[in-house]
Amino acid sequence: MSDPFRRLFLDQVELILQREPSRESLLSLLQMGTPGLESLGSACETEKAFKTILARVHPDKHPQDTPRSTRLCQDAQHFCDKCLSSSPSKSTKKHSSATSPTSTSFPLEFNATNKWPHIEYNKPHAKPELTQEGMSRVVAYQCINARGAIAHGKKTQSKFSNEQVSEFKSEKDVKQTFANYGGAKELNFADEIKAELMKNGPVVSTSFQPSDIFLSNHAIGQSDHCHQGDILIVGWKQLSSGEVWIVQPLYHDGGLLSQIAFVAVGQFGLEDCCLAPMDDFEDTPWQSGPYYDADLTAVEGVWQTWLGLNVYLKSMSELDSLFKEMGTALFSNSSHVVTVRNKRKKAHSRKATLNSSKWNETKKSFQVGFTFCE
């Protein structure tokens with residue numbers, strides 16, 4: 001049975017699409033899906049609101065009125081383009097930049113996974129029951145885990161699992177997730193996306209609107225509840241057909257890791273709205289404990305190559321605290337492994353065991369020796 005309220009929504013959309021294209025008309029359209037929207041803000045906010053409209057008009061939501069909803073989706077896209085072109089904005093400039101010839105300041109090909117081979121991406125199994133919010137969280141933490149591995153300098157042990165991510169219900173979208181990590185950096189141009197990829201790692205597109213055919217041919221990300229709206233960009237490449245973005249699939253495919261996919265520059269709105277976390281994750285622990293924190297700032301970049309490390313503790317209570325942290329009260333039982341961290345950059349850490357503990361008369365301190373085991 002047809003839902004009269006859904007049909008009424010289509011009626012209202014159709015009426016707005018008959019107006020003269022302008023930024024005011026576009027705002028009226030977007031407010032139907034995002035009632036609290038007061039103005040056309042940043043390109044990301046506009047893209048997100050428009051994506052909400054498209055999701056509500058999508059033929060999947062109107063099985064009794066498929067031809068009409070399909071036409072309105074197309075008309076809405078044309079209407080949005082005309083409204084934005086009536087007053088040049090970041091969005092239109094960004095699109096023209098993205099489709100311009102490749103900048104000579106960047107290589108023809110780049111893949112973050114090749115530069116940092118220790119990056120690992122958490123992926124759910126095929127076709128999980130993810131809502132749009134759940135999918136956004138998974139993709140956001142794909143990005144965070146990848147950047148954590150970059151900060152850590154090797155494979156991480158304490159990355160965010162999909163089970164953990166599923167519990168972060170307050171994080172409704174990628175921007176809210178990144179707000180917990182220093183905020184979100186908005187990337188407005190193709191060159192900005194490339195620069196961020198090369199310097200800091202993968203970024204998230206929150207404006208991806210793939211076709212059904214594209215989704216059916218790739219394990220990009222589609223559940224019974226939603227189409228992919230957020231996806232991880234890990235690089236770019238030149239093909240015979242032109243320049244493409246390299247994107248990381250969200251799902252496993254038949255229990256195997258899905259291959260990367262290519263999306264042509266300017267296709268499916270991929271680069272229209274991209275975000276990156278502001279946090280560099282240098283002070284986030286990416287290795288399991290127990291921990292011993294030492295100020296290694298003066299030898300940063302060097303101590304990671306050492307075979308061992310001596311530290312000096314001023315009192316018996318400090319020594320006792322170290323043993324308790326390791327889960328033992330006696331040095332004879334000190335075969336336990338401890339993670340030595342730079343206390344000013346906790347992402348920089350190495351596993352070690354104790355090899356000695358003695359009083360150093362010269363320094364008037366307990367000298368504790370660690371042997372690194374990685």
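Now for a quick tour of the structure. Keep in mind it's a predicted model, so treat the numbers as computed, not measured. (Residues numbered from 1 in each chain as written. Predicted model: local features only at pLDDT ≥ 70, side-chain atom pairs only at ≥ 80, totals over all residues. Heavy atoms only, no water.)

## Here we look at the side chain of Gln 287
Its location among the elements puts Gln 287 in the loop between strand 9 (274-277) and strand 10 (291-294). A polar atom in the side chain of Gln 287 sits 2.9 Å from the side chain of Glu 374. With near-sequence residues (within four places) excluded, Gln 287 lies in contact with His 152, Lys 154, Gln 157, Ser 158, Thr 339, Ser 349, Arg 350, Lys 351 and Glu 374. (Helix = DSSP H or I, 4+ residues; strand = E, 2+ residues; numbered from the N terminus. Polar contact = N/O pair within 3.5 Å; in protein donor to acceptor, adjacent residues only side chain to side chain. Contact = heavy atoms within 4.5 Å.)

## Describing the packing of helix 2 (residues 23-33) against helix 4 (residues 66-85)
How two helices sit against one another is set out by the angle between their axes and by the gap between those axes. Where helix 2 meets helix 4, the axes come as close as 8 Å, and the angle between the chain directions of the two elements is 140°. Regarding the angle of helix 2 to helix 4, the classification is oblique. For the crossing formed where helix 2 meets helix 4, the hand is left-handed. Counted together, Arg 23, Ser 25, Leu 26 and Leu 29 of helix 2 and Phe 79, Cys 80, Cys 83 and Leu 84 of helix 4 form the full contact between these two elements. (Axes fitted to C-alpha atoms, helices over the stretch in contact; angles between N-to-C directions. Parallel < 35°, antiparallel > 145°, perpendicular 65-115°, else oblique. Left-handed = near helix turned anticlockwise from the far one by under 90°.)

## Some remarks on the nonpolar core
As a rule of thumb, nonpolar side chains are buried together in soluble globular proteins. Core analysis: the largest hydrophobic core is formed by 51 residues, its most contacted members being Ile 119, Ile 144, Phe 178, Leu 197, Ile 233, Trp 245 and Leu 270. Every element with two or more residues in this core is listed here: helix 7 (132-152), helix 9 (174-179), helix 10 (190-200), strand 3 (203-205), strand 4 (231-239), strand 5 (242-248), strand 8 (261-264) and strand 9. Leave out the neighbours within four places in its chain, and Leu 197 touches Phe 110, Trp 116, Pro 202, Val 203, Ile 233, Val 234, Gly 235, Trp 236 and Trp 245. (Core = buried A, V, L, I, M, F, W, Y, C linked by side-chain atoms within 4.5 Å. Buried < 20%, exposed > 50% of the residue type's maximum accessible area, 1.4 Å probe, protein only.)

## As for a nonpolar patch on the surface
A contiguous nonpolar patch, built from Leu 239, Ile 260 and Phe 262 and spanning about 210 Å² of accessible area, is present on the exposed surface. With respect to the helices and strands, the residue Ile 260 is situated in the loop between strand 7 (256-257) and strand 8. (Patch = residues over 30% accessible without salt bridge, like charges linked within 9 Å, V, L, I, M, F, W, Y side chains within 5 Å. Areas by Shrake-Rupley, 256 points an atom, 1.4 Å probe, with all protein chains shown as cover. Salt bridge = Lys/Arg side-chain N within 4 Å of Asp/Glu carboxyl O.)

## Side note on the pattern of salt bridges
For the coordinates displayed, the defined rule picks out 17 salt bridges. Between Glu 14 and Arg 71 there is a salt bridge, with the nearest N and O atoms lying 3.0 Å from each other. One end of the pair, Glu 14, is in helix 1 (residues 4-17); the other, Arg 71, is in helix 4, with 57 residues separating them in the sequence. We classify Arg 71 as partly exposed; its relative accessible area is 35%. Between Glu 361 and Lys 364 there is a salt bridge, and its shortest N-O distance comes to 2.1 Å. Each of Asp 11, Glu 14, Asp 65, Arg 68, Arg 71 and Asp 75 takes part in one network of salt bridges that share partners.

## A short note on the side chain of His 118
Position of His 118 among the secondary structure elements: in the loop between helix 6 (112-115) and helix 7. The exposure class of His 118 is buried, given its relative accessible area of 16%. Within the structure, His 118 has its side chain in polar contact with the backbone oxygen of Ala 149 (distance 3.0 Å). Once residues within four sequence positions are removed from consideration, His 118 is found in contact with Ala 149, Ile 150, Gly 153, Lys 154 and Lys 155.

These results come straight from atomic positions and should not be treated as a statement about function.
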